[in-house]
Amino acid sequence: MAAARHLGVGLQDIEEAFDIDRRTAQRMTRALETLFPGVETRQDEARRKFWKIRGSDARLMLSQGIRDSELAAVELAIRRAERDGASNEVKALESLRDRLLACMPGTHARRAETDAEAVLEAHGFASRPGPRVRTDPRILATIAEALKAPNRLTITYAGERDNGPRDRLVEPYGLLLGIRRYLVAREQGGDARLRHFRLDRIGAARLEPQSFQRDPGFDLDTHAACAFGSFHAEAEFGEVAWRFAPSAAPVAREFVFHPLQEMTEELDGALTVRFHASGWLEMAWHLYQWGDRVEVLAPEGLRALVASYQRSDFPALP
């Protein structure tokens, strides 16, 4: 922590990371100063003290290598990224894995690789099951380059109302990865609103040399929170309230249905979940899995959408 963080590590960081009190954290910093005489200390504007270890002094720690569980976690992330078609993440994670192994002595590296394989085999879930929409990895790679710059992007896109694919010049802002994957972008020559382009409908993508200035007020997480899944509909945005029956409440309590959700425990053991979002169809797809053990309190449009599709014979909850 002291080597990896730009400012170094403070007492509060140590307390939170190791779940200890202030006096124990102070003893740890004294031990740090004893082990690394060259440790640098500094204070921020609030007069909080930080301890920083230079990269050259951190070689002692790096020589300990990578643990089998850590390598297994990286391998699992690589396989999940492969499963999701995230080719850029696959390359980056593979590069990280190879650099970590290259820093280790040969015998340690071989043992870590062997142990990591055993961990993966024991887990048995190296990839996420379930249906997914295919996406051309070359298109994803081009979009990733445009997002990093950022540069304008020409996409060949077949919209739902288009007679056929046509080229669109867009300014990309981000990706929404849900049941469907969407590129969030502003189309040149349009009404300047951010629109969502389904990745499976993009036939080709070309990186343009022109860069652009992103709206500094845009935040992808805030934008994503306007919807339940990846589909946004401004006309549907509003309060959503679901009441889970007492028999389903323990399971529902473990779900994060929305990043800004509020949960209320009812006197009869039921659980009410409230949040603000749009995307009634994706909500209906999810609610179907709960059978008749969830009631839509709001909005009325969603309530009508699921009214005739709540079964009582599902043997299990999601």
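The structure this text deals with has already been given above.
Counting from 1, residues in each chain are numbered in the order their sequence is written. Two thresholds apply to this predicted model, a pLDDT of at least 70 for residue-level local features and 80 or more for giving and counting side-chain atom pairs, whereas whole-chain, interface and lining totals are computed over all residues. Each side-chain value is worked out from all heavy atoms of the structure, with water and hydrogens disregarded.

Trainee: Requested: an account of a nonpolar patch on the surface, with residues and values cited.
Mentor: Residues with no salt bridge and a relative accessible area higher than 30% make up the patches, which join like charges within 9 Å and nonpolar side chains (Val, Leu, Ile, Met, Phe, Trp, Tyr) within 5 Å. Per-residue and other accessible areas follow the Shrake-Rupley method at a 1.4 Å probe size, with only the shown protein chains counted as cover for residues. The rule for a salt bridge is simple: a side-chain nitrogen of Lys or Arg has to be within 4 Å of a carboxyl oxygen of Asp or Glu. Together, Ile179, Leu281, Trp285 and Leu305 make up an exposed nonpolar region whose accessible area comes to about 410 Å². Following the sequence through the fold, Leu305 ends up in helix α11 (residues 300-306). In this scheme, a residue with accessible area under 20% of its type's maximum is buried, one over 50% is exposed, and one in between is partly exposed, where area comes from a 1.4 Å probe on protein chains only. Under the relative-accessibility criterion, Leu305 is labelled partly exposed at 38%. Here a strand is any run of E in DSSP of at least two residues, a helix any run of H or I of at least four, and the numbering for each starts at the N terminus.

Trainee: Explain the sheet that holds strand β12 (residues 294-298) residue by residue, including any values.
Mentor: In a beta sheet, neighbouring strands pair by backbone hydrogen bonds and run either parallel or antiparallel. If you walk across this open sheet you meet the four strands as β10-β11-β9-β12, and the pairing is antiparallel. With partners counted over all chains shown, the strands left at the sheet margins are β10 (262-265) and β12, one partner each. Direction aside, the axes of adjacent strands within the sheet are offset by 20° on average. For two strands to pair, DSSP has to find at least two bridges joining them. Here strand β9 (residues 238-244) pairs with β12 via four bridges, running antiparallel. From the neighbouring strand, Ala241 faces β12, where its bridge partner is Ala298. Should any heavy atoms of two residues lie within 4.5 Å, those residues are considered in contact. Orientation is described by axes fitted as lines to C-alpha atoms, over the contacting stretch for helices, and by angles from 0 to 180 degrees between their N-to-C directions. Contacting β9, β11 (271-277) and β12, helix α10 (residues 280-287) runs over the sheet at an angle of about 5° to β9.

Trainee: Quick one: what's the story with the pattern of salt bridges, residue by residue and with numbers?
Mentor: Counting across every chain of the model gives 24 salt bridges. Arg48 serves as the salt-bridge partner of Asp44, at 2.7 Å between the closest nitrogen and oxygen. Among the residues examined, Arg48 registers a relative accessible area of 46% and is labelled partly exposed. Among the ionic pairs, Arg166 bridges to Glu187, the shortest N-O distance being 4.0 Å. In this pair, Arg166 is assigned in strand β5 (residues 166-177) and Glu187 in strand β6 (residues 181-187), connecting sequence segments 21 residues apart. In this structure Arg166 comes out as partly exposed when scored by relative accessible area, which is 40%. Looking at Glu187, the relative accessible area reads 16%, which means it is buried.

Trainee: So what about helix α7 (residues 137-148)? Which residues, and what values?
Mentor: Here a helix's expected span is defined as the number of its residues, less one, multiplied by 1.5 Å. Here α7 contains 12 residues, and its C-alpha end-to-end distance of 17 Å stays within 8% of the 16 Å for a straight helix at 1.5 Å per residue. Among the residues of α7, Ile139, Leu140, Thr142, Ile143, Ala146 and Leu147 are the ones counted as buried. For α7, the angular spread of the buried residues around the axis is 160°, confining them to a single face. For α7, the exposed residues set more than 90 degrees away from the buried face come down to Arg138 and Lys148. Those residues of α7 that are buried are in contact with α5 (87-102), β4 (151-157), β5, β6 and β8 (202-211). Under the rule applied, a polar contact is a pair of N or O atoms within 3.5 Å (in protein, one hydrogen donor and one hydrogen acceptor; residues adjacent in sequence only if both atoms are side-chain atoms). At the N-terminal boundary of α7, the capping side chain belongs to Asp136, with an oxygen 2.9 Å from the backbone nitrogen of Arg138. Directions from the helix axis toward the C-beta atoms define the arc.

Trainee: Kindly report on the packing of aromatic side chains, identifying the contributing residues and their values.
Mentor: Aromatic pairs are defined between Phe, Tyr and Trp rings, using the six-membered ring for Trp, whenever the two ring centres lie within 6.5 Å; interplanar angles under 30 degrees are classed as stacked, those over 60 as edge-to-face, and all others as tilted. The final tally for this structure, using the stated rule, is 14 aromatic pairs. Ring geometry for Trp242 and Phe275: centres 5.3 Å apart, planes at 85°, overall edge-to-face. Residue Trp242 is located in strand β9, and its partner Phe275 is located in strand β11; the two are separated by 33 residues in the primary sequence. An aromatic cluster is built from Phe228, Trp242, Phe244, Phe255, Phe257, Phe275 and Trp290, whose rings are joined through pairwise contacts.

Trainee: Explain the environment of Ala204 to me, and be specific about the residues and the numbers.
Mentor: Position of Ala204 among the secondary structure elements: in strand β8. Relative accessible area serves as the criterion here: at 33%, Ala204 is assigned to the partly exposed category. Between the C-alpha atom of Ala204 and that of Thr154, which follows or precedes it by 50 residues, the distance is 8.2 Å.

Trainee: Kindly report on the pairing of strand β7 (residues 194-198), identifying the contributing residues and their values.
Mentor: For β6 and β7, the ladder comprises five bridges, and the chain directions are antiparallel. Bridge pairing links Tyr182 to Arg198 in β7. Taking the residues that link successive antiparallel strands as the turn, the β6-β7 hairpin has six residues, and the phi of Gly189 there is positive, at about 85°.

Trainee: Give me the lowdown on the sheet that holds β5, citing residues and values where you can.
Mentor: Strand order across the open sheet formed by five strands is β7-β6-β5-β4-β8, with antiparallel pairing between neighbours. With partners counted over all chains shown, the strands left at the sheet margins are β7 and β8, one partner each. The sheet shows a mean angle of 45° between the axes of neighbouring strands, taken without regard to direction. As paired elements, β5 and β6 share seven bridges and run antiparallel to each other. Opposite Val170, over in β6, you have Glu187 as the bridge partner. Of the strands in this sheet, β4, β5, β6 and β8 are in contact with α7, which crosses β8 at around 25°.

Trainee: Give me the side chain of Arg168: which residues, what numbers.
Mentor: Its location among the elements puts Arg168 in strand β5. Engagement of the side chain of Arg168 in a polar contact is seen with the side chain of Asp162, the distance being 2.6 Å. At a separation of 3.4 Å, a polar atom in the side chain of Arg168 contacts the side chain of Glu187. Leave out the neighbours within four places in its chain, and Arg168 touches Leu153, Thr154, Ile155, Tyr157, Gly159, Asp162, Glu187 and Phe197.

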